[in-house]
Amino acid sequence: MYVFSCQYSQNKNKTSSNKKQNISNKMKKTEVEWKRSLTDQEYRILREKGTERAFIGKYDGHFEEGVYECAGCGSKLFQSETKYRSGCGWPAFYDAIPGAIEEHDDNTLGMRRIEITCSKCDGHLGHVFNDGPKPTGLRYCVNSVSMDFQPGKK
Ligand SMILES: [Zn+2]
């Protein structure tokens with residue numbers, strides 16, 4: 001047993017250090033092209049920053065070995081070994097694959113949160129919080145709809 005609140009301050013640097021990454025090989029599509037290549041639900045979440053309902057996502061209770069990829073572009077986002085049971089109702093990871101994710105300040109809904117997007121296609125994935133487990137203290141809270149799962153070892 002340990003207390004989550006002790007970890008908050010020392011992890012702040014980690015979340016903000018990813019912010020200024022400039023990755024030039026972005027996938028650019030028009031909204032019409034995205035509408036054509038995504039399902040309605042994927043479009044609503046990835047392109048319009050929607051959120052799926054808690055506890056119904058296909059990967060919330062999913063703990064097989066493999067890698068989670070972006071549903072928009074196929075870029076690898078999270079390894080299954082960093083997934084954990086957060087109880088928040090969405091798939092949660094304590095770390096992301098390096099360079100896979102960009103962070104943005106999000107002050108919508110009267111909250112100060114950090115939005116996470118796919119660094120390749122800018123698709124909305126979810127948010128990252130500072131209340132995760134060791135070793136990072138981070139909780140990447142991700143919509144199941146934003147991801148596809150590839151089973152097997154990396
Ligand atoms: Zn993507």
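Above this note sits the structure.
Given the structure is predicted, the values throughout are model-derived calculations rather than measurements.

What counts as what
Residues numbered from 1 in each chain as written. Predicted model: local features only at pLDDT ≥ 70, side-chain atom pairs only at ≥ 80, totals over all residues. Helix = DSSP H or I, 4+ residues; strand = E, 2+ residues; numbered from the N terminus. Contact = placed C-beta atoms within 7 Å. Buried ≥ 20, exposed ≤ 12 C-beta atoms within 10 Å, placed from the backbone. Arc of directions from axis to C-beta. Core = buried A, V, L, I, M, F, W, Y, C linked by C-beta atoms within 7 Å. Pairing = 2+ DSSP bridges.

**Q** Mind laying out the overall build of the chain, listing which residues take part and the relevant values?
**A** A count of helical and extended segments in the chain gives three helices and nine strands. Seen in sequence order, the chain has helices and strands lined up from the N terminus as α-α-α-β-β-β-β-β-β-β-β-β. Considering only contacts within the chain whose residues lie at least 6 apart along the sequence, 60% involve residues at least 24 apart.

**Q** If you had to explain helix α3 (residues 40–47) to someone new, which residues and values would you point to?
**A** Those residues of α3 lying buried are Glu 42, Ile 45 and Leu 46. For α3, the arc enclosing every buried residue in end-on projection is 90°, short of the 170-degree limit, so these residues lie on one face. Taken together, the buried residues of α3 touch β7 (124–129). Positioned one or two residues after α3, Lys 49 has a phi angle of 60°, which is positive.

**Q** Talk me through the environment of Arg 113; I want residue IDs and the actual numbers.
**A** Mapped onto the fold, Arg 113 is located in strand β6 (residues 113–118). In the structure, Arg 113 is positioned 14 residues away from His 127 in sequence and 6.9 Å away in space, judged by C-alpha atoms. Residues contacting Arg 113, with those up to four places away along its chain left out, are Asp 106 and His 127.

**Q** Run through the nonpolar core, naming residues and quoting values.
**A** With 24 residues, the main nonpolar core has Leu 77, Ala 96, Ile 101, Tyr 140, Val 142 and Met 147 as its most contacted residues. Among the secondary structure elements, those contributing two or more residues to this core are α3, β1 (66–70), β2 (76–79), β4 (92–93), β6, β7 and β8 (139–142). Looking at this core element by element, the count peaks at three residues for β8. With near-sequence residues (within four places) excluded, Ala 96 lies in contact with Leu 77, Phe 78, Ile 101 and Tyr 140.

**Q** Residues and numbers for the pairing of β6, please.
**A** Side-chain positions along a regular strand alternate between the two faces of the sheet. Bridging between strand β5 (residues 101–106) and β6 involves six bridges; their strand directions are antiparallel. The residue of β6 that forms the bridge with Glu 103 is Ile 116. Here β5 folds back onto β6, and the loop between the two strands holds six residues, one of which, Leu 109, carries a positive phi near 60°. Inspection of the sheet shows β6 paired to β7 by four bridges, in the antiparallel sense. Opposite Ile 116, over in β7, you have Gly 126 as the bridge partner. Connecting the antiparallel pair β6 and β7 is a turn made up of five residues, with Asp 122 showing a positive phi of about 65°.

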